[in-house]
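Next come the chains, spelled out residue by residue.
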Amino acid sequence: MSGMLVTLLIQIIGGAIGGNVVGGAAKNIDLGTMGNTIAGAIGGGVGGQILGMLIPMLANTAATPDIGAIIGQAAGGGVAGAVLTAIVGMIKNRSAA
């Protein structure tokens, strides 16, 4: 697998986990398991790529198998996934009211 694909998979998985964590923690923005996973994965992939551009140390995770960079990618994807899930959940609840 290419380095970029491995990095993207780490970010997507981290985002999916982050989306489910925030959805489970805050019931008012919960999108359901599938919705949290999808929103989190999208947020993790996109947010992780943006983070990789802003922080060069995170950009080459697969090229240099450094555990710190891998953890950084997973954490960045998780946070971005959680943020996107929260935003989508708030918009959904606001439009339903």
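These numbers come from a predicted model, not from an experiment. (Residues numbered from 1 in each chain as written. Predicted model: local features only at pLDDT ≥ 70, side-chain atom pairs only at ≥ 80, totals over all residues. Heavy atoms only, no water.)

S.K.: Please provide a residue-by-residue account of the overall build of the protein, values included.
M.R.: Counting its regular elements, the protein contains 4 helices and 0 strands. Secondary structure elements of the protein occur, N-terminal to C-terminal, as α-α-α-α. Long-range contacts, defined here as pairs at least 24 residues apart, represent 76% of the contacts in the protein between residues at least 6 apart. Here the protein displays about 5,500 Å² of accessible surface, and carbon together with sulfur accounts for 77% of that area. (Helix = DSSP H or I, 4+ residues; strand = E, 2+ residues; numbered from the N terminus. Contact = heavy atoms within 4.5 Å. Areas by Shrake-Rupley, 256 points an atom, 1.4 Å probe, with all protein chains shown as cover.)

S.K.: Lay out the packing of helix α2 (residues 32-54) against helix α4 (residues 67-96) in plain terms, naming residues and giving numbers.
M.R.: Their axes nearest at 6 Å, the elements α2 and α4 cross at an angle of 125 degrees. Considering their axes alone, α2 and α4 lie oblique with respect to each other. As for the relative orientation of α2 and α4, their crossing is right-handed in sense. Note on element contacts: α4 touches α2 through Gln73, Gly76, Gly77, Ala80, Gly81, Leu84 and Thr85, opposite Asn36, Ala39, Gly40, Ile42, Gly43, Gly44, Gly47, Gly48 and Leu51. (Axes fitted to C-alpha atoms, helices over the stretch in contact; angles between N-to-C directions. Parallel < 35°, antiparallel > 145°, perpendicular 65-115°, else oblique. Left-handed = near helix turned anticlockwise from the far one by under 90°.)

S.K.: Give a detailed account of the confidence of the model for the protein, specifying residues and quantitative values.
M.R.: Taken residue by residue, the protein gives an average pLDDT of 87. The fraction at 70 or more is 89%. No element of the protein has a lower mean pLDDT than helix α3 (residues 56-59), which averages 66, and none a higher one than helix α1 (residues 3-25), which averages 92. (pLDDT = per-residue confidence, 0-100.)

S.K.: Which residues make up the UniProt feature "transmembrane region" (unreviewed entry) in the protein, and what values do they have?
M.R.: Within the UniProt annotation, "transmembrane region" (unreviewed entry) is assigned to residues 6-26, 38-58 and 70-91. The straight-line gap between the two end C-alpha atoms of residues 6-26 is 30 Å; of that span, 95% is helix and 0% is strand. Between the C-alpha atoms that bound residues 70-91 there is a distance of 32 Å. The span itself is 100% helix and 0% strand. (UniProt positions renumbered as here; feature names shortened; annotations may be inferred.)

S.K.: Which residues make up α1, and what are the values?
M.R.: Here α1 is 23 residues long and its end C-alpha atoms lie 33 Å apart, about the 33 Å a rise of 1.5 Å per residue gives. Buried within α1 we find Thr7, Ile10, Gln11, Gly14, Gly15, Ala16, Gly18, Gly19, Val22 and Gly23. Check the buried side of α1 and you find it contacts α2 and α4. (Expected span 1.5 Å × (residues − 1). Buried < 20%, exposed > 50% of the residue type's maximum accessible area, 1.4 Å probe, protein only.)

S.K.: Any chance you could break down α4 for me, citing the residues and the numbers?
M.R.: Relative to the 44 Å expected for 30 residues at 1.5 Å per residue, α4 spans 43 Å between its end C-alpha atoms, a close match to the ideal helical length. Along α4, the residues that are buried comprise Ala69, Gln73, Gly76, Gly77, Gly78, Ala80, Gly81, Ala82, Thr85, Ala86 and Gly89.

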